[in-house]
Amino acid sequence: MQVIETIQALRSQRQQWQQGNQKVGFVPTMGNLHNGHLQLVKAAKAQCDTVVVSIFVNPMQFGANEDLSTYPRTIEEDKARLEALGVDAVFLPPVAEMYPRGLDQQTFVEVPGISEMLCGASRPGHFRGVATIVCKLFNMVQPDKAFFGQKDYQQLQVIRLMVKDLSLPVEIHGIATERESDGLAMSSRNGYLSAQQRALAPRLHLLMQELKGELISGRRDFAALTEHYSRQLNQSGFRTDYVEVRNAENLMPATSSDTRMVILIAAYLGTTRLIDNLEVAV
Ligand code: PAF
């Protein structure tokens, strides 16, 4: 597995793959890899000749009071896991390579509308940071296909819209959320939970499934439903940011004529913000 740290080295490698007519698959990550990431890599391996994984904790997508400095960094373990999966190259750029003029001077990509709602409302500038870094990484890696987890549902929709709006020549693949045996969606931030919080955390998925059952059985009183489940979560010890039922594509509030919906939840356990979602087709 090649370890590449500069854009120049990545570009010259990319040219060689191009000459060999190889289909390049790309998995962008912030490291601290868990099984969810590994599923993305496996999907990329299955569909492409060459697989590139990037590990870059992107400062532009963290708010001033967020966990940039404490975000878990486990580079050596990550490299070993990627090597074991047969990844061809890992791209590990330093911050100065990605933002040579500093964050304040950086040109950015913003996908309007969808970036301001839900997680975007609680984390202003977050999706601008995501769209900008993913666009830059696409320009560097020039992948044929890129793979993202459905766990970050809004992020996936933001990226799909960016690719469409900017006519980027990359196919986006969303891969199903990987869960622990008790239902908790895998996330690097799960490592922040205390034993007590960890025991409580699967309740998020459990209640989401109950809510899905209500929608499947025909209920469409969305406001009453989301209020009820938000209260349930808060009574269990979570502090909900939002509990929403939305149109699965544009993430606008669901209406009774929607046939593809998604339940989206963000809730804190202590200072750890967990997100999860469940698609509902009726
Ligand atoms: O999902 C993530 O880990 C990040 O948001 C991404 C897509 C790698 C961009 O930094």
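Residues numbered from 1 in each chain as written. Predicted model: local features only at pLDDT ≥ 70, side-chain atom pairs only at ≥ 80, totals over all residues. Heavy atoms only, no water.

- The name an unreviewed UniProt entry gives the protein chain is Pantothenate synthetase, with Alteromonas aestuariivivens as the organism.
- The annotation that UniProt attaches to the protein chain under Sequence similarities (unreviewed entry) is "Belongs to the pantothenate synthetase family."
- The UniProt entry for the protein chain carries the following comment under Pathway (unreviewed entry): "Cofactor biosynthesis; (R)-pantothenate biosynthesis; (R)-pantothenate from (R)-pantoate and beta-alanine: step 1/1." (UniProt positions renumbered as here; feature names shortened; annotations may be inferred.)

1. Details of the UniProt feature "binding site: (R)-pantoate" (unreviewed entry) in the protein chain
Item 1. In the numbering adopted here, UniProt assigns the feature "binding site: (R)-pantoate" (unreviewed entry) to Q61 and Q155. Look at the named residues: they lie 95 residues apart in sequence, but the longest C-alpha span between them is just 11.3 Å, so in the fold they bunch up.
Item 2. Checked against the element boundaries, Q61 lands in the loop between β3 (50-55) and α3 (75-84).
Item 3. There is a polar contact of 2.9 Å between the side chain of Q61 and the side chain of N58.
Item 4. Tracing the sequence through the fold places Q155 in helix α7 (residues 153-165).
Item 5. When sequence neighbours within four positions are dropped, the list of residues in contact with Q155 reads F127, V130 and F148. (Helix = DSSP H or I, 4+ residues; strand = E, 2+ residues; numbered from the N terminus. Polar contact = N/O pair within 3.5 Å; in protein donor to acceptor, adjacent residues only side chain to side chain. Contact = heavy atoms within 4.5 Å.)

2. Considerations on the site of the ligand
Item 1. If you check the shell around the ligand, you find P28, T29, M30, N58, Q61, I133, F148, D152 and Q155 and nothing else.
Item 2. Within the side chain of Q61, an N or O atom sits 2.6 Å from an oxygen atom of the ligand.
Item 3. In this structure, an oxygen atom belonging to the ligand sits 2.7 Å away from a side-chain N or O atom of Q155.
Item 4. Compared with its free state, where it exposes 290 Å², the ligand has 89% of that area covered by protein.
Item 5. Across the shell around the ligand, the residue classes break down as four nonpolar, four polar and one charged. (Near = heavy atom within 4 Å. Areas by Shrake-Rupley, 256 points an atom, 1.4 Å probe, with all protein chains shown as cover. Nonpolar A, V, L, I, M, F, W, Y, C, P; charged D, E, K, R; others polar.)

3. Digging into helix α10 (residues 222-236)
Item 1. With 15 residues, α10 extends 21 Å from end C-alpha to end C-alpha; this agrees with the ideal 21 Å at 1.5 Å per step.
Item 2. Restricting attention to buried positions, one finds in α10 the residues F222, L225, T226, Y229, S230, L233 and S236. Seen along its axis, α10 keeps its buried residues to an arc of 125°; they face one direction. α10 presents A223, E227 and Q235 as exposed residues on the side facing more than 90 degrees away from its buried surface.
Item 3. Looking at the buried side of α10, the elements it contacts are α8 (195-200), α9 (203-216), β7 (239-247) and β8 (260-269).
Item 4. G237 lies just past α10 and shows a positive phi near 115°. (Expected span 1.5 Å × (residues − 1). Buried < 20%, exposed > 50% of the residue type's maximum accessible area, 1.4 Å probe, protein only. Arc of directions from axis to C-beta.)

4. Description of the packing of aromatic side chains
Each aromatic ring pair is characterised by the separation of its centres together with the angle its planes make.
Item 1. Across all of its chains, the model carries four aromatic pairs by this definition.
Item 2. Their ring planes at 45° and their centres at 6.2 Å tell us that F56 and Y99 sit as a pair that is tilted. Separated by 43 residues along the polypeptide, F56 in the loop between β3 and α3 and Y99 in the loop between α4 (95-98) and α5 (119-122) bring together distant segments of the chain.
Item 3. Residue classification places F56 among the buried residues on the basis of a relative accessible area of 6%. (Phe/Tyr/Trp six-rings, centres within 6.5 Å; stacked < 30°, edge-to-face > 60°.)

5. What about the sheet that holds strand β5 (residues 145-149)?
One key point about sheets: their strands pair by backbone hydrogen bonds, in either a parallel or an antiparallel sense.
Item 1. Taking strand neighbours across the sheet as the criterion, the six strands line up as β1-β4-β3-β2-β5-β6 in an open arrangement whose pairing is parallel. Because the sheet does not close on itself, it has two edges, and the strands there are β1 (2-4) and β6 (171-175). Between one strand axis and the next, the sheet turns by 25° as a mean value, whatever way the strands run.
Item 2. Where β3 and strand β4 (residues 89-91) come together, three bridges link them in parallel fashion. When the sheet's bridge partners are listed, V53 is paired in β4 with V90.
Item 3. Sitting on the sheet, helix α2 (residues 35-47) is in contact with β2 (24-29), β3, β5 and β6, with an inclination near 155° to β5.
Item 4. Relative to β2, helix α6 (residues 126-141) is tilted by about 150°, and along the sheet it contacts β2, β3, β4, β5 and β6. (Pairing = 2+ DSSP bridges. Axes fitted to C-alpha atoms, helices over the stretch in contact; angles between N-to-C directions.)

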